[in-house]
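# Inside the fold
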Amino acid sequence: MGAPPVISTAGLTKHYGNVHALTDLTVDVGPGVTGLVGANGAGKSTLIKILLGLIEPTGGRAQVLGHDIDAASQEIRRLVGYMPEHDCLPPDVSASDFVVHMARMSGLGHAAARERAADVLRHVGLDEERYRPMGGYSTGMKQRAKLAQALAHDPRLVFLDEPTNGLDPAARNDMLRLVGRIGSEFGIAVLVTSHLLGELEQVSDHVIVLDGGRLLRSSATGDFLRRTGGLLVEVVGTETERDRLGEALAQRGLVCRPRGTMVAIDPPAPELATEGVAHDLIRDVAADLGLGLMRLEPDRGHLEDVFLEGGAHV
Amino acid sequence: MSESTTPGTGRSGVIHDLGYRRYDGPREGTGAIARTLFLTGLRHAYGLERSGKSKVMPFLLLGMSLLPAAIIVGVVVLTGLRSLPVTYAGYTSQTQLLVSLFAAAQAPVLFSRDLRHRSIVLYAARPLSSAAFGFVRWLSMSVALLAFMVIPTLLMFVGALLAGLDKSDQLSDLYKAVVLQVFLAALVAGITGLVSSVSLRRGFAVVGSVMVLIVLTGVVTAVQNIAQSQGSDSVSVGAGLFSPWSLYSGLGNAWDAGTRVPVSVDGAWVPAYVLVLLLVAAGCVLGLVARFRKVGSR
């Protein structure tokens, strides 16, 4: 990581009696969008609250934007925005008034707060609705209002806790695109949590995986999606043709299984692993069977695989 | 500022996206943020900057507490009475039902809403800590209550001066009344604030505050009167320690501010009254701060 880390923790631990919310977490977060992934109860929200200075860690240290969480939590809260996971909007206030008020609570003057609120509400996509009481908002609109208040004071870092929670697929995509824009176009570092691994693939530059309060893995998103060494093959035709190819390949010593309309081939055994050998074999088999090759490409990993690997990288 | 939308693309009515603009203007310190929060809370206590409906209750009550004062002023000016029929401190005591209702009705606005809707977490993630938030809320409520009591008091004072009553007498009475009102406001704001921050449903909060301010005061007054008629003066004065309004009246009586009590408060009872009032008020404020700190970290 070239730039200094936005967040840096060392041995961060939070235990509630016997419940170990976070154990010995040492991790750095850089600029751009960082996904924080884990099942419910993996310690994502606990980490955010510790970084905001809302709860004290049992042990360990952490810095946010160069400020120590023990000594300068107020300074941190001045520079950071927070979108909580749960509902937190008063129903009888309009988004416009609310975001203005929240900007003022972050230290902006009256005129600046009004201007920023209007700007930010436009960016999150709340138009005419912004003047209506928030009690009547849909979940998507509420999430946008929550995001707007987190951005109102132009923070240098935002914590977004499950921003896609409760959204339908279209609204989910809109929200993810917005999160991506915040990290790239707005130039605000983002730490975004999700219990859905797939969504963070789309927007994160870097992914941190927590499991049971422990760090499972932290790497660039590209590393998660690296080539597995396996191959994907698709032939012209239906499932019948796919299965014919699969069976033939299996007879030639390749481990394969159907995946959708394609045949997924596990990383080949050493004698076939030399560059191009497996490719040639597949080409010949397809030609022998008289099948038209449509696609032959390397198989890529998914974030889910980290959990399947069972923490082999710790 | 970049022009990311090129004109002439054929789409009309498009708002030109200026792109994200950074803010590098001044940022206020914690003191200024607390002041903003204080003033917002003070306005909200009177329904200002809120819906039209929420202005009805506070202003109706304020109007009702001003009406007798206006009548008194009218009578004094027209008939040329040599003194006000009721002292300033006594007037607040006699309109205690209205003051109590104002406190019970408006405390949930300042102390329940942010906890019930969980917006407290948004405050907690900002420079002002949630503990400071609780304290500033109490300050707003105290000043709102003080204003509620001081406004009729000032109306009567102005009327008394217009009627040509002795200025120094009136000033000394006014001074005593306002000092007593300050203590009472701090105490009542603490009690109603604590009740409202614990019982988050508005109805329960109002009923809880009414229980403490009106029902408890009624019980204490009854006990005081019964004890006095039975000849147990110390029981009567001692019972006065148990409600905010009997504390107020007792101290007003001890200070000769013209509030009525069944048995005069004097001797060692006076510091006891002061001590209880201060301890209860301080206890409520500490309780409030602890409550907000706890909820803010969840």
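Residues numbered from 1 in each chain as written. Chains lettered and ligands numbered in written order. Predicted model: local features only at pLDDT ≥ 70, side-chain atom pairs only at ≥ 80, totals over all residues. Heavy atoms only, no water.

Along its length, chain A carries 12 helices and 14 strands. The dimensions of chain A, computed from C-alpha atoms along their principal axes, are 75 × 45 × 35 Å. Within chain A, the fraction of its 314 residues that count as buried is 53%. Restricting to contacts in chain A with at least 6 residues of sequence separation, those with at least 24 account for 69%. Within the structure as shown, chain A displays about 13500 Å² of accessible surface, and the carbon and sulfur contribution to it stands at 50%. A distance of 5 Å separates the average location of the 31 positive side-chain charges in chain A from that of its 42 negative side-chain charges. (Helix = DSSP H or I, 4+ residues; strand = E, 2+ residues; numbered from the N terminus. Buried < 20%, exposed > 50% of the residue type's maximum accessible area, 1.4 Å probe, protein only. Contact = heavy atoms within 4.5 Å. Areas by Shrake-Rupley, 256 points an atom, 1.4 Å probe, with all protein chains shown as cover. Lys, Arg positive; Asp, Glu negative; His and termini not counted. Charge placed at Lys NZ, Arg CZ, Asp CG, Glu CD.)

Facing the 33 residues of chain B at the interface are 40 residues of chain A. Summed over both sides, the interface between chain B and chain A buries roughly 3400 Å², with carbon and sulfur atoms accounting for 50% of that surface. Taken together, the connections running from chain B to chain A amount to four salt bridges. A salt bridge links Arg 113 of chain B to Asp 92 of chain A, with the shortest nitrogen-to-oxygen separation between them at 2.9 Å. Here chain B and chain A share 25 residue pairs in polar contact (both at pLDDT 80 or more) between them. Looking at the side of chain B that touches chain A element by element, the count peaks at five residues for helix H1 (residues 30-45) of chain B. (Buried area = accessible area lost by both parts, 1.4 Å probe. Salt bridge = Lys/Arg side-chain N within 4 Å of Asp/Glu carboxyl O. Polar contact = N/O pair within 3.5 Å; in protein donor to acceptor, adjacent residues only side chain to side chain.)

Split into domains, chain A comes out as domain 1 (7-224) and domain 2 (227-300). Relative to domain 2 of chain A, the C-alpha centre of domain 1 of chain A lies at a distance of 43 Å. (Domains from an automatic or database assignment.)

Attention now goes to the side chain of Ser 204 of chain A. All names here are of chain A. Along the chain, Ser 204 turns up in the loop between helix H7 (197-203) and strand S9 (206-211). From its side chain, Ser 204 meets the backbone oxygen of Leu 200 in a polar contact 2.9 Å long. Those residues within four positions of Ser 204 in sequence are excluded, and the remaining contacts are Val 33, Thr 34, Gly 35 and Thr 221.

All right, on to the packing of helix H2 (residues 53-79) of chain B against helix H4 (residues 96-111) of chain B then. Residues and elements named next belong to chain B. Orientation of H2 relative to H4, taken along the N-to-C sense of each, is 170°, at an axis distance of 10 Å. Between H2 and H4, the angle falls in the class roughly antiparallel. Each of Met 57, Pro 58, Leu 61, Met 64 and Ser 65 in H2 lies in contact with H4, whose residues at this interface are Leu 98, Leu 101, Phe 102, Ala 105 and Gln 106. Residue classes in the contact of H2 with H4 are distributed as eight nonpolar, two polar and no charged. (Axes fitted to C-alpha atoms, helices over the stretch in contact; angles between N-to-C directions. Parallel < 35°, antiparallel > 145°, perpendicular 65-115°, else oblique. Nonpolar A, V, L, I, M, F, W, Y, C, P; charged D, E, K, R; others polar.)

The next thing to look at is the sheet that holds strand S2 (residues 19-29) of chain A. All names here are of chain A. Strand order in the open sheet made by the four strands is S2-S1-S4-S5, with antiparallel pairing throughout. A single partner strand is all that each edge strand has here, and the edge strands are S2 and strand S5 (67-68). With two bridges joining them, strand S4 (residues 59-64) and S5 adopt antiparallel strand pairing. Each bridged residue has a counterpart across the sheet, and for Val 64 the counterpart in S5 is His 67. Where helix H1 (residues 44-51) meets the sheet, it contacts strand S1 (7-16), S2 and S4, and its direction lies at approximately 115° from that of S1. (Pairing = 2+ DSSP bridges.)

Here we take up the sheet that holds strand S8 (residues 189-194) of chain A. Residues and elements named next belong to chain A. Strand order in this open sheet of six strands is S6-S7-S8-S3-S9-S10, and the pairing throughout is mixed. Taken across any chain shown, the strands that pair with only one partner, and hence form the sheet edges, are strand S6 (80-83) and strand S10 (214-220). Strand-to-strand twist across the sheet, computed as the mean angle between neighbouring axes with direction ignored, equals 15°. In this structure, strand S3 (residues 33-37) lies alongside S8, joined through five bridges in parallel fashion. Residue Val 37 lies in a different strand from S8, and its bridge partner there is Ser 194. Against the sheet, helix H5 (residues 139-151) contacts S6 and strand S7 (157-160), and its axis sits at roughly 165° relative to S6.

Once that is clear, we can look at the nonpolar core. Counting residues in hydrophobic clusters, the biggest one holds 125 residues, and the most contacted among them are Leu 147 and Leu 151 of chain A together with Leu 145 of chain B. Here this core gets 12 residues from one element, more than from any other, and that element is helix H7 (residues 130-162) of chain B. Beyond its immediate stretch of four places on either side in the chain, Leu 145 of chain B contacts Val 99, Phe 102, Ala 103, Ala 185, Val 188 and Ala 189 of chain B. Leu 22, Ala 42, Ile 76 and Ala 189 of chain A belong to the second largest nonpolar core, which has 32 residues in total. (Core = buried A, V, L, I, M, F, W, Y, C linked by side-chain atoms within 4.5 Å.)

Further remarks concern the UniProt feature "transmembrane region" (unreviewed entry) in chain B. As annotated in UniProt, the feature "transmembrane region" (unreviewed entry) corresponds to residues 59-81, 145-165, 177-198, 204-223 and 267-290 of chain B in the numbering used here. Between the C-alpha atoms that bound residues 59-81 of chain B there is a distance of 30 Å. The span itself is 91% helix and 0% strand. (UniProt positions renumbered as here; feature names shortened; annotations may be inferred.)

Let's shift gears to the pairing of S9 of chain A. Residues and elements named next belong to chain A. Of all six residues in S9, five are buried, a share of seventy percent or more. Here S3 runs beside S9; their pairing, made up of four bridges, is parallel. Across the sheet, residue Gly 35 finds its bridge partner in S9, namely Val 207. Across six bridges, S9 lies against S10 in antiparallel orientation. Directly across from Leu 210, in S10, lies its bridge partner Leu 215. The loop that links S9 with its antiparallel partner S10 comprises two residues; one of these, Gly 212, has a positive phi angle of about 55°.

Inspection of the secondary structure assignment puts Asp 169 of chain B in helix H8 (residues 167-198). Overall, the relative accessible area of 48% leaves Asp 169 of chain B in the partly exposed class.

Turning to the pattern of salt bridges, a few remarks are in order. Evaluated as defined, the whole model comprises 20 salt bridges over all chains. In this structure, Glu 199 of chain A and Arg 172 of chain A form a salt bridge, with 2.4 Å as the shortest nitrogen-oxygen distance. Note that Glu 199 of chain A is positioned in helix H7 and Arg 172 of chain A in helix H6 (residues 169-184), a separation of 27 residues in sequence. Of the charged contacts, one joins Glu 49 of chain B and Arg 43 of chain B as a salt bridge, the two residues approaching to 2.8 Å between their closest N and O atoms. In this structure Glu 49 of chain B comes out as exposed when scored by relative accessible area, which is 53%. For Arg 43 of chain B, a relative accessible area of 30% translates into the label partly exposed.

Attention now goes to the layout of surface pockets. Computed from the structure, the largest pocket encloses a volume of approximately 940 Å³. What lines the largest pocket is a set of 36 residues, and nearest its centre among them are Val 93 of chain A together with His 44, Glu 49, Arg 50 and Arg 113 of chain B. Mapped onto the lining of the largest pocket, the elements with two or more residues apiece are helix H3 (95-105) and helix H4 (110-124) of chain A together with H1, H2, H4 and helix H5 (113-116) of chain B. Counted by class, the lining of the largest pocket contains 12 nonpolar, 11 polar and 13 charged residues. (1 Å grid on protein atoms, 1.4 Å probe; cavity = no way out; pocket = protein on both sides within 12 Å on 5 of 7 lines; lining within 4 Å. Points joined across faces, edges and corners; volume = space filled by probe spheres on them.)

What follows is about H4 of chain A. Residues and elements named next belong to chain A. Between the first and last C-alpha of H4 there are 21 Å, a value that for 15 residues agrees with the 21 Å anticipated at 1.5 Å per step. Buried within H4 are the following residues: Ala 112, Ala 113, Arg 116, Ala 117, Asp 119, Val 120, Leu 121, His 123 and Val 124. Here the buried face of H4 lies against H3, H5 and H6. Looking at the residues trailing H4, positive phi occurs at Gly 125, about 90°. (Expected span 1.5 Å × (residues − 1).)

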